[in-house]
Amino acid sequence: MRSHDLVPNSVTPAKALDILKKGNHRFINNLKVNRNLLEQVNETKDGQWPFAAILSCMDSRTSAELVFDQGLGDVFSIRIAGNVISENVLGSLEYATAAAGSKLIVVLGHSNCGAIKGACDHVKMGHLTTLLDRIQPAVENAKGISGEHNSSNPEFVQEVAKLNVLHTAKQIVESSPIIKGLVEEGKVGIAPGMYDIATGIVTFYESDIVMTKEQMEEVRSAQMA
Ligand SMILES: [Zn+2]
């Protein structure tokens, strides 16, 4: 399956990241674009060309379109407790990039995440048990943090949230040859980030962004602009 390149070619993975950074900047400064959503319903009725796919948590405070100030038809939003991957999530991301032409995959964790806390406490409950198992590698890798290794320790919880985002981003490339190929061709980038529920600020882990060298240079020059 090849990209249909529906998203304009001027939107590169680096440009897509820049659009989201600027959107979050507007969000935290209360400068959101005044959109006529009903007009956007009409504009998008014949198709959609979302430039990015955002995998984030289902938490009611972390709606991707809101925190990045995007309108209808702008981004694919995949939301699941703890922003973990599964066959279904990978399939959705492959559709977003290889079929619909999105240029960027964002894996977005958030502070004070209930799913992360549940994983830290090894909660077992119905189908949630399998979902929280996906976060266990991050719990294991956060053992270097001092203090108690459960949800009562905010530093531990935040470290697990960070490691879970980085682990998920890595797994996407490792588990999907389709996405790996698009990344190597420079058509898609992967950007892990963290949303702070107290400030509204999204921080991207710049050194863990997966993009070609050229795209990373574009990211750096956009930052200086
Ligand atoms: Zn959460």
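Just so we're clear, the structure is a prediction, and the values are computed from it rather than from any experiment.

(A) Quick peek at the packing of helix α4 (residues 87–99) against helix α9 (residues 177–184). Look at α4 against α9: their axes get within 9 Å of each other, and the N-to-C directions meet at 35°. Where α4 crosses over α9, the handedness of that crossing is left-handed. Side by side, α4 and α9 meet where Leu 93, Glu 94, Thr 97 and Ala 98 of the first sit next to Ile 178, Ile 179 and Leu 182 of the second. For the contact of α4 with α9, the per-class residue count stands at five nonpolar, one polar and one charged.

(B) Layout of the nonpolar core. Counting residues in hydrophobic clusters, the biggest one holds 43 residues, and the most contacted among them are Leu 93, Ile 116, Ile 135, Val 160, Ile 172 and Ile 190. Broken down by element, the residue count for this core peaks at nine residues, all from helix α8 (residues 154–175). Setting aside residues no more than four positions away along its own chain, Ile 135 makes contact with Gly 82, Val 84, Ala 115, Ile 116, Ala 119, Val 160 and Asn 164. Within the second largest apolar cluster, 24 residues are counted, among which are Val 11, Leu 20, Phe 68 and Ala 191.

(C) Expanded view of the pattern of salt bridges. Following the criterion strictly, the structure yields nine salt bridges and no others. As a salt-bridge pair, Lys 170 and Glu 174 come within 4.0 Å of each other at their nearest N and O atoms. Within this pair, Lys 170 and its partner Glu 174 are both found in helix α8, separated by four residues, close to a single helical turn. Glu 174 carries the same exposure label as Lys 170, and that label is exposed. Glu 185 serves as the salt-bridge partner of Lys 187, at 3.2 Å between the closest nitrogen and oxygen.

(D) Focus on the sheet that holds strand β5 (residues 202–204). Across the sheet, which stays open at both edges, the five strands sit in the order β2-β1-β3-β4-β5 with mixed pairing between neighbours. Bordering the open sheet on either side are β2 (75–79) and β5, each of which pairs with just one other strand. Direction aside, the axes of adjacent strands within the sheet are offset by 25° on average. Across five bridges, the pairing between strand β1 (residues 52–56) and strand β3 (residues 104–110) is parallel. Paired with Leu 55 across the strands is Val 107, a residue of β3. Contacting β1, β2, β3, β4 (189–195) and β5, helix α1 (residues 13–28) runs over the sheet at an angle of about 35° to β3. Against the sheet, α4 makes contact with β1, β2 and β3, and its axis sits at roughly 175° relative to β2, the strand it touches most.

Scoring rules and cut-offs
- Residues numbered from 1 in each chain as written.
- Predicted model: local features only at pLDDT ≥ 70, side-chain atom pairs only at ≥ 80, totals over all residues.
- Heavy atoms only, no water.
- Axes fitted to C-alpha atoms, helices over the stretch in contact; angles between N-to-C directions.
- Helix = DSSP H or I, 4+ residues; strand = E, 2+ residues; numbered from the N terminus.
- Left-handed = near helix turned anticlockwise from the far one by under 90°.
- Contact = heavy atoms within 4.5 Å.
- Nonpolar A, V, L, I, M, F, W, Y, C, P; charged D, E, K, R; others polar.
- Core = buried A, V, L, I, M, F, W, Y, C linked by side-chain atoms within 4.5 Å.
- Buried < 20%, exposed > 50% of the residue type's maximum accessible area, 1.4 Å probe, protein only.
- Salt bridge = Lys/Arg side-chain N within 4 Å of Asp/Glu carboxyl O.
- Pairing = 2+ DSSP bridges.

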